[in-house]
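Coordinates in review
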Amino acid sequence: MIRFIVLALLAACCVGSAFADQLQFTVGIGGAFAAYSEVHVTDKGNREVFRGFTDRLGRVSIAMPAGTYQVTLKTRQNQVFHSPVQINGASNVRTIALQ
């Protein structure tokens, strides 16, 4: 049993810290949900670190180390939006309004 606990602690220490933030994107003046939109996240070196799609309510879960990233969102109507996003491990859904 002690061996299992020690191995679990070692595994926890070796894994880098990553946070899963829940983001909800809205677009335009009315704040319509960015449903089924393509999401690209790049780091400060302009390397893509995440690619995915929002759900029907414009939500996406992004898991990566804490920091500031650049988000590019492309809607189904081919509108493209850019915004910086802070990843910090917050457990609540944060709404990002894009215009």
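Our structure is the block above this text.
Attention in this report is confined to the structure presented alongside it.

1. With respect to the overall build of the chain
- A count of helices and strands for the chain gives one helix and eight strands.
- Burial statistics for the chain: of 99 residues in total, 34% are counted as buried.
- Considering only contacts within the chain whose residues lie at least 6 apart along the sequence, 51% involve residues at least 24 apart.
- Approximately 6,500 Å² of the chain is accessible, and the part contributed by carbon and sulfur atoms is 58%.

2. Focus: the sheet that holds strand 7 (residues 80-87)
- The antiparallel open sheet is built from four strands, whose spatial order is 4-3-6-7. Two strands lie at the open edges of the sheet, namely strand 4 (48-53) and strand 7, each paired on one side alone. Neighbour-to-neighbour, the strand axes of the sheet open up by a mean angle of 20°, direction not taken into account.
- With eight bridges connecting them, strand 6 (residues 67-74) and strand 7 associate as antiparallel partners.

3. Things to note about the side chain of D21
- By secondary structure assignment, the location of D21 is in strand 1 (residues 19-27).
- A distance of 2.8 Å separates the side chain of D21 from the backbone nitrogen of G89, its partner in a polar contact.
- Looking at D21, its side chain comes within polar contact range of the side chain of R94, at 2.4 Å.
- Setting aside chain neighbours within four positions, we find D21 in contact with V60, S61, I62, Q86, I87, N88, G89, A90 and R94.

Cut-offs applied
Residues numbered from 1 in each chain as written. Predicted model: local features only at pLDDT ≥ 70, side-chain atom pairs only at ≥ 80, totals over all residues. Heavy atoms only, no water. Helix = DSSP H or I, 4+ residues; strand = E, 2+ residues; numbered from the N terminus. Buried < 20%, exposed > 50% of the residue type's maximum accessible area, 1.4 Å probe, protein only. Contact = heavy atoms within 4.5 Å. Areas by Shrake-Rupley, 256 points an atom, 1.4 Å probe, with all protein chains shown as cover. Pairing = 2+ DSSP bridges. Axes fitted to C-alpha atoms, helices over the stretch in contact; angles between N-to-C directions. Polar contact = N/O pair within 3.5 Å; in protein donor to acceptor, adjacent residues only side chain to side chain.

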